[in-house]
Amino acid sequence: MPPDEPSNSAQTPADAELMRELAAGRMEALAALVRRHQHSVRAIAWRMTGREDAADDITQETFLRVYRSARRYRPTAAFTTWLYRIVVNLCLDRARAPRMVDLPEDAPAPETADGPLLRAERLEAVRKAVAALPERQRIAVILHRFEGLSHAQIAAATGWSEPAVESLLTRAYETLRAALEQWHTG
Amino acid sequence: MCPGDGELVRLLAGETTAQQRRALAEHLEQCPGCRDRYARLEQTWRLLGEWTPPAGRDLAVSIVAAARRRDAVRWWTAMAAAVVLAAGAGVVAGLITAQPVSSDRPISTAEVVQAIGLDHLAAEGTVLHETLAFNGDGELEQHP
């Protein structure tokens, strides 16, 4: 599950409180929001684009948009719902822009108990299987499986209906199951 | 009745209520087909979980710096636009208010008196301007 808005204490001001401070021109609030959410934003962008440099660019642009919109921001929904909507839109813009096709980087194979080669092959199979999903299914799976958003939260972040999210996820997991079956154990 | 894939996905993701969870668990215990479906879905779920992003650097400092740079660019752009607008407005205002001197209109004595600064004499009680008039050649001459 994504982190809920933290309690409004002096140590961990809620996202909405940080947005108010940012609207008042306090740049430390922007740094605090970045430090709190950059991991999730970057992970979404990385899984969508397959590239670290693209993920960093999208992460930066996401928070610059947060900064630019701080004065207009109204905390009617969770900050993360709004944040995820920005990053998803930026990923889609990038995917649709001409001459912006991101090729996956060659990642070094990590050492594991079952051998680096086997693990690298398995991860590559996962990456390819997710990348092969239709765009909306891919977004739904990335937000659901990797960012831990519920169906309702995905619906709020994307603007799709909850039944549509359920349908996208069901089809996506079925496709992934078929694509990754050879990697199942037992 | 067997649960759909959507329900099994919700069970895996922990999106079910305690009551739903109990009912699904009971069903899975009794239904080998659903148990197999759930086991395969669980394997896929676990495989996906291995796909983790590389550790990234902290972007907070660079993002704050980029925000300040954009602010500065926006400020200078606004200032430049304001200067251009002000200059443009001045030119337009000048064009609107400037009126050409008509060569057809005869100039009155009073205008000439005012133009050459003699009108203050009239204010002092003289009647000088009443004795000035143009002659036939367009020259100003004084009449007794």
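Everything quoted here is computed from the prediction, not taken from an experiment.

Trainee: Just checking my understanding: could you explain the overall build of chain A for this structure?
Mentor: In terms of helices and strands, chain A carries 8 helices and 0 strands. In chain A, the succession of α and β elements from N to C terminus is α-α-α-α-α-α-α-α. The 186 residues of chain A split such that 38% are buried.

Trainee: How do you make sense of the domain arrangement of chain A when you look at a structure like this?
Mentor: As a measure of interface size, the accessible area lost when the parts come together is often cited. Residue and element names in this part refer to chain A. What the domain assignment lists for chain A is domain 1 (1-104) and domain 2 (112-186). Every contact between the two is made by 14 residues of domain 1 and, on the other side, 14 residues of domain 2. Only helix H2 (27-49) and helix H4 (79-96) provide two or more residues apiece to the side of domain 1 that touches domain 2. The class makeup of the residues in the side of domain 1 that touches domain 2 is 9 nonpolar, 3 polar and 2 charged.

Trainee: How should I be thinking about the packing of H2(A) against helix H3 (residues 52-68) of chain A in this particular structure?
Mentor: The packing of two helices is summarised by the inter-axis angle and the distance between the axes. All names here are of chain A. It is at 8 Å that the axes of H2 and H3 come closest, and there the two elements cross at 135 degrees. One way to sum up the angle between H2 and H3 is to call them oblique. For the pair H2 and H3, the sense of crossing is right-handed. Across from Leu30, Leu33, Val34, Gln38, Val41, Arg42, Ala45, Trp46 and Thr49 in H2, the residues of H3 making contact are Glu52, Ala54, Ala55, Asp56, Ile58, Thr59, Thr62, Phe63, Val66 and Tyr67. Grouping the constituent residues of the contact of H2 with H3 by class yields 12 nonpolar, 4 polar and 3 charged.

Trainee: I would appreciate a short explanation of the nonpolar core in the present structure.
Mentor: Note that soluble globular proteins tend to have their nonpolar side chains buried in a common cluster. Among the nonpolar cores identified, the biggest contains 56 residues, and A:Leu30, A:Ala45, A:Val87, A:Ala140, A:Leu143, A:Leu169 and A:Ala172 are the most heavily contacted of them. Those residues within four positions of A:Ala172 in sequence are excluded, and the remaining contacts are A:Leu133, A:Gln137, A:Ala140 and A:Val141.

Trainee: Explanation requested: the interface of chain B and chain A in the structure shown.
Mentor: Taken together, the contacts link 26 residues of chain B with 37 residues of chain A. Mapped onto the side of chain B that touches chain A, the elements with two or more residues apiece are helix H1 (5-12), helix H3 (32-49) and helix H4 (60-97) of chain B.

Trainee: Would you explain the confidence of the model for chain A in this entry?
Mentor: Predicted coordinates in areas of low pLDDT are best not read in detail. Looking at chain A as a whole, the pLDDT averages 86, with 83% of positions reaching at least 70. Taken together, the stretch residues 1-10 of chain A has pLDDT below 50 and engages in 17 contacts with residues farther than four places along the chain or on a different chain.

Trainee: Explanation requested: H4(B) in the structure shown.
Mentor: Every α-helix winds through 3.6 residues per turn, so residues three or four apart in the chain are directed the same way. The first and last C-alpha atoms of H4(B) sit 55 Å apart over 38 residues, in line with the 56 Å expected at 1.5 Å per residue. Within H4(B), only 2 of the 38 residues are buried, leaving the element largely exposed.

Trainee: What exactly am I supposed to notice about the environment of A:Gly25 here?
Mentor: All names here are of chain A. Among the secondary structure elements, Gly25 is positioned in the loop between helix H1 (15-23) and H2. Among the residues examined, Gly25 registers 10 C-beta atoms within 10 Å and is labelled exposed. Linking Gly25 and Asn89, residues 64 residues apart in sequence, is a C-alpha distance of 26 Å.

Trainee: Just checking my understanding: could you explain H4(A) for this structure?
Mentor: The end-to-end C-alpha distance of H4(A), which contains 18 residues, comes to 26 Å, matching closely the 26 Å that a straight helix rising 1.5 Å per residue would cover. Every buried residue of H4(A) is listed here: A:Phe79, A:Thr80, A:Trp82, A:Leu83, A:Tyr84, A:Val87, A:Val88, A:Leu90 and A:Cys91.

Trainee: Explain the packing of helix H8 (residues 162-180) of chain A against H1(B) to me, please; I cannot follow it from the model alone.
Mentor: Running from N to C, H8(A) and H1(B) cross one another at 85 degrees; their axes reach a closest spacing of 9 Å. The orientation of H8(A) with respect to H1(B), classified from their angle, is roughly perpendicular. On H1(B), the residues touching A:Glu166, A:Leu169, A:Thr170, A:Tyr173 and A:Glu174 of H8(A) are B:Asp5, B:Gly6 and B:Val9. Here the contact of H8(A) with H1(B) is composed, by residue class, of 3 nonpolar, 2 polar and 3 charged.

Rules used throughout
- Residues numbered from 1 in each chain as written.
- Chains lettered and ligands numbered in written order.
- Predicted model: local features only at pLDDT ≥ 70, side-chain atom pairs only at ≥ 80, totals over all residues.
- Helix = DSSP H or I, 4+ residues; strand = E, 2+ residues; numbered from the N terminus.
- Buried ≥ 20, exposed ≤ 12 C-beta atoms within 10 Å, placed from the backbone.
- Domains from an automatic or database assignment.
- Contact = placed C-beta atoms within 7 Å.
- Nonpolar A, V, L, I, M, F, W, Y, C, P; charged D, E, K, R; others polar.
- Axes fitted to C-alpha atoms, helices over the stretch in contact; angles between N-to-C directions.
- Parallel < 35°, antiparallel > 145°, perpendicular 65-115°, else oblique.
- Left-handed = near helix turned anticlockwise from the far one by under 90°.
- Core = buried A, V, L, I, M, F, W, Y, C linked by C-beta atoms within 7 Å.
- pLDDT = per-residue confidence, 0-100.
- Expected span 1.5 Å × (residues − 1).

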